Structures are given as structure tokens and as C-alpha cells.
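# Chains, contacts and geometry: an overview
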Amino acid sequence: MILLVALSSDGSSHQWTPTYPTLKNSYVSGVFSTRMELFNARTDVSYYQVGVFDVDFKAVPFAAAEKILKIEHLGRRSIDIFIRNKDAERAVYICSKSKLLSKGSATTSISSRICSKIK
Amino acid sequence: MFKKIVLASAILCGGVIAQEVPITGSVESKCIVQTDTIGIYGNPTPSSLTTMSTGGGVTPIVRFDVIQASFYKARITTPNGFSESPALSDVVTWTGDVAVGEVSDANMSAYSTSKVVYDNTTEIDLTIAGSTWFNITSTADYGYDTALPAGTYRAVVSAECIAL
């Protein structure tokens, strides 16, 4: 099982951790924050968009240094997510989604999104 | 006498000196979305595009790896529009399907019956740890046997892993 998971990380995959982030008081009054980590093993993707959503997957306002991250293949990035106290109650998911570049080829593409759940 | 006291003290002290060796580890549920095969549309008839091999296409395959069971659900959405195409003046009818392919645990075949399908989206609770390959088919039929205009066609399959 461990070998299987280890091997899977070498392909074109996308990881977003932790699975269950917790919001903590940030250095800004009235704002919670949490740190997420993104690992990009997709050879065909260099950009990921971060989003915060409620239980119905409606967007919840948040702040981050970058909302679209450029991450090279096999790159790893940490990002701090800031959510106002008044929005934190309805924030349920923090997601990362691959952004696909427009290319001139007759193919389907696979967009991956992984959502962590705030505990 | 003094030497004996010092020696006894040293022995006693030696007996209680201990090194604490911390062992740390982290266990975390994690989902990995793996793009196994990028699909290609075949053009079996002038009015249709399909990823099915019978139509000359290549089926997109996506793999979900979960380290712990029942912490994630997979949500796969087949296309209902082109992300890139020539100008189309007629209606495109979309059909799609998500099928369980290879599995690392035989019990995962139950995903075929436990999946929930709505609109063009399929949701599967990943209740077994391991890897599951999902074969995704997408077909686009243009108008009523109307020939598709020449050009490049591209569509996007969305594969999501959502913490429960």
C-alpha cells in the first residue's frame, strides 16, 4: 500500500494538504488564518487556483498572497489563507484547482480539484 | 572512605541517567488525483466526436489514491461544452459516463453500484483505501446528423476529491 502511494506520487498528480485544516487567530485582528500546502506532480499543469467555499460550494471571501499559484512540476508551495471571522462560520472547504492552458490540440483535458474540509 | 562515597555516587548517578529518544510521526488522510491518460476525441461520423475506442478515440482515465478510507469522495464531471472549438451554429448533445476501471482492492468494484449520478456529474464515496481508476467517456453529437465544422475541439473533464 505504501509502495503504491509512493509510486503514485511520481506521476501526474496533485496533492493538497492538510485534509482537515483548522483556523487559528492570525496577526490581523478579526481574521483567522490557516496554512495549506500544494504539491504539483502534474507535468501538464503549472498553475493552480485556490478557493474557499461554503457547504454548497458557493465562494466565500478570503485573502491570500496569491490566489493563482504558479508551481513547476514537482514543486511544493505553502500558502496562508486568511478568512474574516464573520465569514469563517460558513467557510467549509478550502480547495485547489488546476488551471489548464489553452492549447491547440484535439484532446480532452482533465482538471483536478482537491478540497480540504475546515474542522 | 571518601573515594568509596564518590564511586558509589557515580554508579548511582550512572544508573539514573537516561536518554529520551523521541519518536515522531504524522498520519494524515490524503487524496491524490492522478491523471493517468489524457483523452482524445475520435471522429467516427461527421456529426460526432467521442472518446470511445470504438469511435477512434482515447478514453481519459483518472486515478484517485486515498491513504485512509472514508475520508474523501470523488466527484467527476464529464464535459457539457467545448473549451475550444470552431464557431458552432447548431446544438451539441452531450453524453458521458464514468466507469470503475482497475482497482487495487477487489471490493472497490462496489463503487460501480454505489455511485450517485446527477446531470453530468458522478459522485463516489471512497470508502476503501487504495487506488481506483475511473474510465471516463464523453460523446458530442452535433445537430441532427449535421457535419461538425473543421477545426480543433477540446473539452475538459473535472476530477475532484472532496474531504468528507
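Here, the structure is the one placed above.
Residues numbered from 1 in each chain as written. Chains lettered and ligands numbered in written order. Predicted model: local features only at pLDDT ≥ 70, side-chain atom pairs only at ≥ 80, totals over all residues.

### Remarks on the overall build of chain B
When helices and strands are tallied, chain B shows two helices and ten strands. Across the 164 residues that make up chain B, the buried fraction comes to 34%. Of all intrachain contacts in chain B linking residues separated by at least 6 positions in sequence, the fraction that spans at least 24 positions is 71%. (Helix = DSSP H or I, 4+ residues; strand = E, 2+ residues; numbered from the N terminus. Buried ≥ 20, exposed ≤ 12 C-beta atoms within 10 Å, placed from the backbone. Contact = placed C-beta atoms within 7 Å.)

### Details of the overall build of chain A
Within chain A one finds two helices and eight strands. What you see in chain A, going N to C, is helices and strands ordered as α-β-β-β-β-β-β-α-β-β. Per-residue burial for chain A yields a buried fraction of 27% across its 119 residues. Sequence separation of at least 24 residues holds for 63% of the intrachain contacts in chain A that already meet a minimum separation of 6.

### A closer look at the nonpolar core
Residues B:Cys31, B:Val33, B:Tyr72, B:Ile76 and B:Cys161 are the most contacted members of the largest nonpolar core, which totals 34 residues. Of all the elements, strand β10 (residues 155-163) of chain B adds the most residues to this core, at five residues. The residues contacting B:Val33, other than those within four sequence positions of it, are A:Ser13, A:His14, A:Ser112, A:Ile114, B:Val62, B:Phe64, B:Ala159 and B:Cys161. (Core = buried A, V, L, I, M, F, W, Y, C linked by C-beta atoms within 7 Å.)

### Brief notes about unusual backbone geometry
Residues and elements named next belong to chain A. The linkage connecting Thr17 with the following residue, Pro18, adopts the cis geometry, with an omega of 0°. Structurally, Pro18 is set in the loop between β1 (13-17) and β2 (24-25). A positive phi angle, near 65°, is found at Leu74, a position not held by glycine. Along the chain, the position of Leu74 falls in the loop between β5 (68-70) and β6 (75-84).

### Let's talk about the environment of B:Thr37
All names here are of chain B. Locating Thr37 in the fold gives a position in strand β1 (residues 31-37). Spatially, the C-alpha atoms of Thr37 and Ala163 are 24 Å apart, while their sequence positions differ by 126 residues. Residues within four places of Thr37 in sequence aside, it is in contact with Val58, Thr59, Pro60 and Ile61.

### Let's talk about the pairing of strand β5 (residues 72-77) of chain B
Residues and elements named next belong to chain B. Buried residues dominate β5, accounting for five of its six residues. In this structure, β5 lies alongside strand β8 (residues 121-126), joined through six bridges in antiparallel fashion. For Ala74, the partnering residue across the bridge sits in β8 and is Ile124. Pairing between β5 and β10: six bridges, direction antiparallel. Considered in β10, the bridge of Lys73 is made with Ile162. (Pairing = 2+ DSSP bridges.)

### Brief notes about the pairing of strand β2 (residues 42-45) of chain B
Residues and elements named next belong to chain B. Bridging between β2 and strand β3 (residues 48-50) involves two bridges; their strand directions are antiparallel. Residue pairing in the sheet places Thr45 in a bridge with Ser48 of β3. Hairpin connection from β2 to β3: two residues lie between these consecutive antiparallel strands.

### A look at the environment of A:Ile83
Residue and element names in this part refer to chain A. With respect to the helices, strands and loops of the structure, Ile83 is situated in strand β6. Taking the number of C-beta atoms within 10 Å as the measure of exposure, Ile83 has 24 and is therefore buried. As a C-alpha pair, Ile83 and Pro61 span 22 residues in sequence and 7.0 Å in three-dimensional space. Those residues within four positions of Ile83 in sequence are excluded, and the remaining contacts are Leu23, Val31, Phe32, Val52, Phe62, Ala88 and Ala91.

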